[in-house]
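Take a look at the letters that make up each chain.
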Number of protein chains: 2
Amino acid sequence: MTVVVALGGNALGSGTAAEQLVALRDTCAAIAPLVREGEVVVTHGNGPQVGNELLRQERAADEVPPLPLFLAVAQTQAEIGAMIETELAGAVGRPVACLLTHVHVAADDEAFERPTKPIGPFYSAEQAQTLEQERGWRLVEDAGRGYRRVVPSPRPLEIVELGSIRALLGAGAIAVACGGGGIPVVSRNGHLKGVDAVIDKDRASALLAERLGAERLVILTEVACVYRNYRKSNQQPIRELAAEEAEALLPELPEGSMRPKLEAAVAFARAGGETLITSSAALAEALRGESGTTIRL
Amino acid sequence: MTVVVALGGNALGSGTAAEQLVALRDTCAAIAPLVREGEVVVTHGNGPQVGNELLRQERAADEVPPLPLFLAVAQTQAEIGAMIETELAGAVGRPVACLLTHVHVAADDEAFERPTKPIGPFYSAEQAQTLEQERGWRLVEDAGRGYRRVVPSPRPLEIVELGSIRALLGAGAIAVACGGGGIPVVSRNGHLKGVDAVIDKDRASALLAERLGAERLVILTEVACVYRNYRKSNQQPIRELAAEEAEALLPELPEGSMRPKLEAAVAFARAGGETLITSSAALAEALRGESGTTIRL
């Protein structure tokens, strides 16, 4: 059995590193039954961490050169991966190996024409203009809070280190990979070149699960399951969804939260896999079939 | 043939990421003949990069929590590893895999009693006092430039991810590992715990080479070889050194630059390996036996 487990922001915790390690200890205890055996890859988001890192880069920009976004994504793979690795190895007693992961995107992906993903700190209108001129960034106004950089979110095409991930799994390690959706790269003159974009971590996780021939993708998020009429008086938990039903549900889901998870689940279902969407807290129940939402063909 | 290639600051370049990528392209072209075949691990330093990162953490400390040093080391493994990976894969046409690497140190290593390694930005006397009180740091005055944090540099004992590195090599990948000497960890209640220290990258590289049963360790640095009477009128290149001769030479070498390299070479020689110390520029000559310093039993 091969499983990909995607950890969302809730599972990773927030605040100081010590606070994140506490949250991760709970998460690792929760996923331990799922990852104690078989081939397991843990993937994770990096929203708050990459936001913090970009802010650090800006605040020191007069003294040390800021790194391009794709290297800030790399940094968060190691920062978060190191925390997952030590907590998970302690929880399950198996070797854990965190692999830097690049993900191919198409240089002509339409997302590059239309950057939509807000990232990093807020700026004044004046700063925004300077940044657009000096760094070629695109910034948009965020209702009342100032201007914020927006970057493309292209579709993940291939996992560059897939063979290495397979080698780690074959050697009995739990792999941590595709952090933050992976470092986006394009091919140019036979070289891989990092690009300033972010890949949705659930889409990257579904692609990884597909390429590994995994049976199962588990997406851990804030809520125990997908709901119909979420946060309305007639809210209803959904236990099972066929890929087609899931697809029909997409338009009514909030963009940027549950929608990309369900899109990833639909893509993985079409590749023959099964996705469980739930929270760390509800995972034990969900594994007994008493909570969570399962999406399959 | 198994080779560990340790890249020093010169080989990694400095300045912006774009400038570092240019330096790395040259370095990767230079090491290509050495790494095109066989089992190869590339290790690297992280001095300027971790210094930059610590400065970024401080400048944004009022807005986002600074990370502990061991996570800043992790960040630089990914930042530098991502640059090495894309350039090296392009240069040699083999898969390259960068693995987050932790290194065991002893909780009672005497280095923890006596932190000596200066790291990060400079502070005023007043700031230094605050940091000592609030964060428990140790700071020392650096001749005229202000106060600087000093951290322990404990001896590396074991490479945590050794089995995973072997798996990557077995699958035909060039591994990038032990960046910045590795993330120092101690064992506590069955968990690994990161500690705020830095491990000398040459010592960690020699340990890795020994544990892998490597035949050769290549340490790339600024100079083409080790010299007797370095930078004096009677400076003399040394082409070959027996471990015992190397050991006798140690006291006359500058601390923190050539000395740890030669110490690492002596340790590796005693484990049956051969170390070549040279620069990227002189590597081709050195591989023909016309430059560099070779240390063996």
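The rules behind each value
Residues numbered from 1 in each chain as written. Chains lettered and ligands numbered in written order. Predicted model: local features only at pLDDT ≥ 70, side-chain atom pairs only at ≥ 80, totals over all residues. Heavy atoms only, no water. Disulfide = S-S within 2.5 Å. Salt bridge = Lys/Arg side-chain N within 4 Å of Asp/Glu carboxyl O. Buried < 20%, exposed > 50% of the residue type's maximum accessible area, 1.4 Å probe, protein only. Helix = DSSP H or I, 4+ residues; strand = E, 2+ residues; numbered from the N terminus. Core = buried A, V, L, I, M, F, W, Y, C linked by side-chain atoms within 4.5 Å. Contact = heavy atoms within 4.5 Å. pLDDT = per-residue confidence, 0-100. Buried area = accessible area lost by both parts, 1.4 Å probe. Polar contact = N/O pair within 3.5 Å; in protein donor to acceptor, adjacent residues only side chain to side chain. Nonpolar A, V, L, I, M, F, W, Y, C, P; charged D, E, K, R; others polar. Pairing = 2+ DSSP bridges. Phe/Tyr/Trp six-rings, centres within 6.5 Å; stacked < 30°, edge-to-face > 60°. Lys NZ or Arg CZ within 6 Å of the ring centre and 35° of its normal.

*Asks:* Describe the state of the cysteines, and please don't skip the residues or the numbers.
*Replies:* The bond known as a disulfide is covalent and runs between the sulfur atoms of two cysteines. Evaluated as defined, the whole model comprises zero disulfides over all chains. You can see A:Cys178 has no disulfide; the closest cysteine sulfur is in A:Cys98, sitting 11 Å from it.

*Asks:* Hey, could you go over the pattern of salt bridges for me, with residue numbers and the actual values?
*Replies:* As enumerated under the stated definition, the model contains 32 salt bridges over all chains in all. The shortest N-O distance in the salt bridge between A:Asp202 and A:Lys201 comes to 2.9 Å. Judged by relative accessible area, which is 2%, A:Asp202 ranks as buried. Residue A:Lys201 is classed as buried on the basis of its relative accessible area, which comes to 10%. Across the pair B:Arg296 and B:Glu274 runs a salt bridge, and its minimum N-O distance is 3.2 Å. Residue B:Arg296 is located in strand S17 (residues 293–296), and its partner B:Glu274 is located in strand S16 (residues 274–278); the two are separated by 22 residues in the primary sequence. Take B:Arg296: its relative accessible area is 33%, and that puts it in the partly exposed class.

*Asks:* Give me the nonpolar core: which residues, what numbers.
*Replies:* Grouped together as the largest cluster of nonpolar side chains are 96 residues, with contacts concentrated most on A:Val41, A:Ile165, A:Leu262, B:Val41, B:Ile165 and B:Leu262. Among the elements that make up this core, the one with the highest residue count is helix H9 (residues 258–270) of chain B (seven residues). Discounting chain neighbours no more than four positions away, the residues touching A:Val41 are A:Val3, A:Val4, A:Val5, A:Ile165, A:Leu169, A:Ala175, A:Ala177, A:Leu208 and A:Leu212. Counting 88 residues, the second-largest nonpolar core is a separate cluster that includes A:Leu54, A:Leu283, B:Val5 and B:Val50.

*Asks:* Give a detailed account of the confidence of the model for chain A, specifying residues and quantitative values.
*Replies:* Per-residue pLDDT for chain A averages 95, and the proportion of residues at 70 or more is 100%. Among the scores for the predicted complex, ipTM is 0.96 and pTM is 0.97.

*Asks:* Tell me about the interface of chain A and chain B, and name the residues and values.
*Replies:* Contacts between chain A and chain B engage 46 residues on the former and 46 residues on the latter. Each partner contributes to the roughly 3,800 Å² buried at the junction of chain A and chain B, and carbon and sulfur atoms together form 67% of this total. The interface formed by chain A and chain B includes two salt bridges. One salt bridge connects B:Arg59 with A:Glu63, and the closest N-O pair in it is separated by 2.6 Å. Seen at the junction of chain A and chain B, the total is 12 residue pairs in polar contact (both at pLDDT 80 or more). Elements supplying a minimum of two residues to the side of chain A that touches chain B: helix H2 (17–35), helix H3 (47–59), helix H4 (69–92), strand S3 (96–98), helix H6 (162–170) and strand S11 (191–194) of chain A. Broken down by element, the residue count for the side of chain A that touches chain B peaks at 13 residues, all from H4(A). Looking at side-chain class alone, the side of chain A that touches chain B contains 25 nonpolar, 12 polar and nine charged residues.

*Asks:* Can you break down the pairing of strand S12 (residues 216–220) of chain B residue by residue, with the values?
*Replies:* Residues and elements named next belong to chain B. Extensive coverage of S12 is indicated by the burial of five of its five residues. Side chains Arg-216, Val-218 and Leu-220 of S12 all project onto a buried face; the interleaved residues Leu-217 and Ile-219 project onto the opposite face, where all are buried too. Bridge count for strand S1 (residues 2–7) against S12 is five bridges, and the pairing is parallel. Each residue of the ladder has a partner; that of Val-5, found in S12, is Val-218. In terms of strand pairing, S12 meets S16 through five bridges, oriented parallel. Residue pairing for S16: Leu-217 is matched across the bridge by Thr-275.

*Asks:* Lay out the sheet that holds strand S11 (residues 191–194) of chain B in plain terms, naming residues and giving numbers.
*Replies:* All names here are of chain B. Taken in spatial order, the four strands line up as S8-S4-S10-S11 in an open sheet, and their pairing is mixed. Every other strand in the sheet has two partners, leaving strand S8 (158–159) and S11 as the edge strands with one partner each. Where strand S4 (residues 102–104) meets strand S10 (residues 183–188), three bridges bridge the pair, whose relative direction is parallel. Its bridge partner lying in S10, Val-103 is registered against Pro-184.

*Asks:* Please set out the packing of aromatic side chains residue by residue, giving values where relevant.
*Replies:* Residue and element names in this part refer to chain B. Counted under the stated rule, the structure contains four aromatic pairs over all chains. Judged by centre distance (5.7 Å) and plane angle (20°), the rings of Tyr-227 and Tyr-230 are stacked. Here Tyr-227 falls in the buried class, since its relative accessible area comes to 17%. Across from the ring centre of Phe-122, 5.0 Å away, lies the NZ or CZ of Arg-148, which sits over that ring.

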